[in-house]
Amino acid sequence: MSHDHSLYPETMPQNPEKATLEGKNKFLGLWFFLGGETVLFASLFGTYLALKDSTAGGPSSEELFGLELVFIMTVLLLTSSLTSVYAMYHMRNNDFKKMQLWLGITALLGIGFLGLEIYEFSHYITEYGFTFRSSAFGSAFYALVGFHGGHVTFGICWIIALMIRNARRGLNLYNAPKFNTYSLYWHYIDVIWVFVFTVVYLMGKVG
Amino acid sequence: MSLAATQKKGFGAFLWDYLTTVDHKKIAHLYLAGGGFFFLLGGIEAVIIRIQLIKPENDFISAGLYNEMITMHGTTMIFLAAMPILLGLMNAAMPLQIGARDVAFPFLNSLGFWLFMFGGILLNLSWFLDGAPDAGWTSYAALAMDSPGHGVDFYVAGLQIAGAGTLMGGINFLVTVVTMRAPGMTYMRMPLFTWATFITSVLILFAFPALTINLFLLMFDRMFGTAFFDVSLGGNTIIWQHLFWIFGHPEVYILILPLFGLFSDVFSTFSRKRLFGYTAMVFATMLIAFLGFMVWAHHMFTVGLGPVANSIFAVATMAIAVPTGIKIFNWLATMWGGSVKINAAMLWALGFIPSFTIGGMTGVMLGSAVADFQYHDTYFVVAHFHYVIVGGTVFGIFCGLHYWWPLLFGKILNETMGKLTFWTFFIGFHLTFFIQHFLGLMGMPRRYWVFLENQGLDLGNLISTIGAFFMSFAVIVFLINIVHTAVKGEKAPADPWDGRTLEWATESSPPPYYNFKQLPLTRGLDPLWIEKTEGKGHMTPAEPLGDVHMPNGSFLPFLMSLGFFVAGLGFIYQTDEKLWYIALYGGMAFALLMMIIRSVKDDHGYYIKKEEFEREAE
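About the thresholds
- Residues numbered from 1 in each chain as written.
- Chains lettered and ligands numbered in written order.
- Predicted model: local features only at pLDDT ≥ 70, side-chain atom pairs only at ≥ 80, totals over all residues.
- Helix = DSSP H or I, 4+ residues; strand = E, 2+ residues; numbered from the N terminus.
- Buried ≥ 20, exposed ≤ 12 C-beta atoms within 10 Å, placed from the backbone.
- Contact = placed C-beta atoms within 7 Å.
- Rg over C-alpha atoms; globule rule 2.2 N^0.38 Å.
- Nonpolar A, V, L, I, M, F, W, Y, C, P; charged D, E, K, R; others polar.
- Axes fitted to C-alpha atoms, helices over the stretch in contact; angles between N-to-C directions.
- Parallel < 35°, antiparallel > 145°, perpendicular 65-115°, else oblique.
- Left-handed = near helix turned anticlockwise from the far one by under 90°.
- Core = buried A, V, L, I, M, F, W, Y, C linked by C-beta atoms within 7 Å.
- pLDDT = per-residue confidence, 0-100.

## Looking at the overall build of chain A
- When helices and strands are counted, chain A shows 6 helices and 0 strands.
- Counted from the first residue to the last, chain A has its helices and strands arranged as α-α-α-α-α-α.
- Dimensions of chain A, computed from C-alpha atoms along their principal axes, come out at roughly 65 × 30 × 25 Å.
- Looking at chain A residue by residue over its 207 residues, the buried ones come to 40%.
- Sequence-distant contacts, at least 24 apart, represent 81% of the contacts inside chain A between residues at least 6 apart.

As structure tokens, then:
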């Protein structure tokens, strides 16, 4: 590894995010971490499936969910996955400004998703009295969807911190792996949402 | 930091060094010290349990205190003693065995330790604050939800923090083995202990998140009024049992697989023979790990999952005996025809084989779902899991400490005292637990604080307690041995056992902080042994002498863990007094701030210059 970490278009390696041992370690470490996260969410999905009909006299999933809102949320989050791919594409071309732009759009889409989710939760609580405490179904629903929302929140904070920190110095071999691990994490959160959408909302509406 | 700076230091500098270290060898010291402390604590709890059961209807401790003792004995021994000591041994030996200078994430390594330490302290603070948790180490929800006071809350918060640390350790070891192996160290040339570390880390990675979620559910129910386990609102307490054992069964393999690896190395070293069936040993380890995830419901045969589920899990359980049997026979075959040297480390390994095999056989008996209805919740189960955890894990830990003490501290433990420890512990162990099989078959239930007179249980319990005293004596001798060795022990050479693997190929004992000046070139299994048999005696360097990149120390892991510790107290007490929200949010904010500092401040590490090595060599 060279002592000078700055990247110039003419000397830049093919994959700056994996050009150093530290970068490779971060990449691999995040993949392993996501493996653990899979078990984490699987446990929550299992709990949810076991408790989804335990409404204790409260509203059921058919009465609660509106697929229109969830559809918009899904579009926002899946699009943010695409924009983070664009950001990584520009990172590999060493175009820092465009990378920042697409990361910014990714963060905005994430914030939009989060806003709608907060609206959704408050709607359930105020209109239906459906809370974390009202039934086992409520507990399991808010735990699963809330854990996902928490992951989205963490991802948004992460990328904003990275963007601000590196705004003035551009890409180098030290921070390229950081952007890359963020992008992997973000994709993963989107994949989890696909399962949440299917298992919680679609199956909740028809199952 | 230069080489000269590592010479002589005052106590303050020494303390600061350990608080900020990211060196895997020093983190190993920390893990062993922390785990050792909790091992003594758990041992004292065990002796108190045995004194209570020394005679019928004893009133040495109250029923409530007895519940706290058994809960804390189990929780402490598994989460705060055995696992950290194992992580300590892994830290001490694994990076050296693959010829690396450090682990993949030195900062994370340190954070993992401090999270464990603060989690353990938080859990044990319960003794002084509100009474310890009393729902058993399994903390089944029906019982835990009913437990008054804050005991179970301490269990939840303490284990959550310690568990996060373990998960980090697991990810760190996985990446280290994949990316940091020295030139020529292919997967199938790795020592068995490294293999076991790798596979154990996979188990940690996939098992611990289930516990994380389970603890969250219990926390939400106990502290924030949710209804996961509240049957009146549609909750289901069996969810706890499933999630607990989905974590808990792999956990017992997390406790034993590293020692399987260690014993393989020890048998091979002290028989002066290549390990018999290396490939079979590797794949048997993988198979055990894989099957370990498929058998959790054998802890729940009596729950009523139905005959089909019970049969499937019973068959899967008994299948584990096959790879384990492969291992036992391979160890025996390794010694067969070797020039076996019996010292303290080897004694523990030899004692392990019959002890663990007995535990394995009772495991197969318990795996039979029909018979399990008879054994369930009796002392037969207690005897079984102590035979595998003490006869396997604790024997292995002692073996590993004797074997790697030179690697850890540069001295060899006293052999005479080591042998005395082994024999008294070995005899005491079998005295304590063998008789418990029969107590269990005669119907003595576990976790009861008294038993009645003249039911055929009196003599058995007395013998069992006497055995516990033998084990206590053995541990005290071991402690004296440590002090004696530290004060009077002779300096060990770099390769005291005529070793075969790379941890013995460094220039001194203990190894220098950069491990290897030049990374060694591995030419096959047992790389050091190959060089010895071919007359060279030392490793060929795989690279020219050059600058060595080293990570910077950091105080942030300690501070982050402290933040979570304070937040944990906040979580526990906010149910009584809203003011505790300050601790909750304050602790979280502080930990988050430390994370942001870590993220924002660049940490490029430093280089030991080639010239420094050359100067030192002159």
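Anyway, onward from the coordinates.
## Digging into the overall build of chain B
- Helix and strand counts for chain B come out as 20 helices and 2 strands.
- Radius of gyration (C-alpha) of chain B: 24 Å, near the 25 Å computed for a compact globule of 618 residues.
- Oriented by its inertia axes, the alpha-carbon framework of chain B measures out at about 75 × 60 × 50 Å.
- The buried share among the 618 residues of chain B stands at 55%.
- Counted over contacts in chain B with a minimum sequence separation of 6, partners at least 24 positions apart contribute 82%.

## Here's the deal with the interface of chain B and chain A
- Contact residues are listed per partner, giving 33 residues for chain B and 32 residues for chain A.
- Taken together, the elements giving at least two residues each to the side of chain B that touches chain A come down to α6 (151-179), α7 (192-224), α8 (238-270) and α19 (581-600) of chain B.
- Top contributing element to the side of chain B that touches chain A by residue count: α7 of chain B, with 8 residues.
- Among the residues making up the side of chain B that touches chain A, the classes are represented as 21 nonpolar, 10 polar and 2 charged.

## Things to note about the packing of α6 of chain B against α7 of chain B
All names here are of chain B.
- Their axes nearest at 8 Å, the elements α6 and α7 cross at an angle of 155 degrees. Comparing the axis directions of α6 and α7 gives the class roughly antiparallel. Between α6 and α7 the crossing geometry is left-handed.
- Looking at side-chain class alone, the contact of α6 with α7 contains 18 nonpolar, 8 polar and 2 charged residues.

## Overview of the nonpolar core
Residue and element names in this part refer to chain B.
- Judged by nonpolar contacts, the single largest core of 235 residues is most densely connected at F263, V266, W348, A349 and C399.
- When residues of this core are assigned to their parent elements, the largest contribution, 21 residues, is made by α7.
- V266 has contacts with A345, M346, A349, C399 and Y403, leaving out every residue within four places of it along the chain.

## Things to note about unusual backbone geometry
- In this model, S509 of chain B is joined to P510 of chain B through a cis peptide bond whose omega is -5 degrees.
- Tracing the chain through its elements places P510 of chain B in the loop between α16 (458-488) and α17 (527-533).
- Positioned with a positive phi, N94 of chain A is a non-glycine residue whose angle comes to about 55 degrees.
- Owing to 17 C-beta atoms within 10 Å, N94 of chain A belongs among the partly exposed residues under this scheme.
- In this structure, R447 of chain B takes a positive phi of about 70 degrees despite not being glycine.
- As for its position among the elements, R447 of chain B is in the loop between α15 (415-441) and α16.

## Let's talk about the packing of helix α1 (residues 21-51) of chain A against helix α5 (residues 136-166) of chain A
Residue and element names in this part refer to chain A.
- Where α1 meets α5, the closest approach of the two axes is 9 Å, and the angle between their N-to-C directions is 155 degrees. If you check the angle between α1 and α5, you find them roughly antiparallel. The hand of the α1/α5 crossing is left-handed. For the pair α1 and α5, the contacting residues are L44, F45, T47, Y48 and L51 in the first and A136, F137, A140, F141, A143, L144 and F147 in the second.

## A few points about the environment of F132 of chain A
- With respect to the helices, strands and loops of the structure, F132 of chain A is situated in the loop between α4 (96-128) and α5.
- Between the C-alpha atoms of F132 of chain A and A143 of chain A, which are 11 residues apart in sequence, the distance is 7.9 Å.
- When residues no more than four places from it in sequence are discounted, the contact partners of F132 of chain A are G138, S139 and Y142 of chain A together with T226 of chain B.

## With respect to the confidence of the model for chain B
- The share of residues in chain B with pLDDT of 70 or more is 99%, and the mean pLDDT across the chain is 95.
- Of the regions scoring below 50 in pLDDT, residues 1-5 of chain B engages in 4 contacts with residues more than four places distant in sequence or in other chains.

## Structural notes on the environment of L215 of chain B
Residue and element names in this part refer to chain B.
- Tracing the chain through its elements places L215 in helix α7.
- Put simply, L215 and Q160 are 55 residues apart on the chain and 6.8 Å apart in space, counted from C-alpha to C-alpha.
- In contact with L215, not counting residues within four places along its chain, are V156, L159 and Q160.

## Examining the environment of I463 of chain B
Residue and element names in this part refer to chain B.
- Mapped onto the fold, I463 is located in helix α16.
- Classification of I463 as partly exposed rests on a count of 15 C-beta atoms within 10 Å.
- Remark: the alpha-carbon pair of I463 and K517, spanning 54 residues in sequence, is separated by 55 Å.
- Among residues more than four places away in sequence, those in contact with I463 are L431 and I435.

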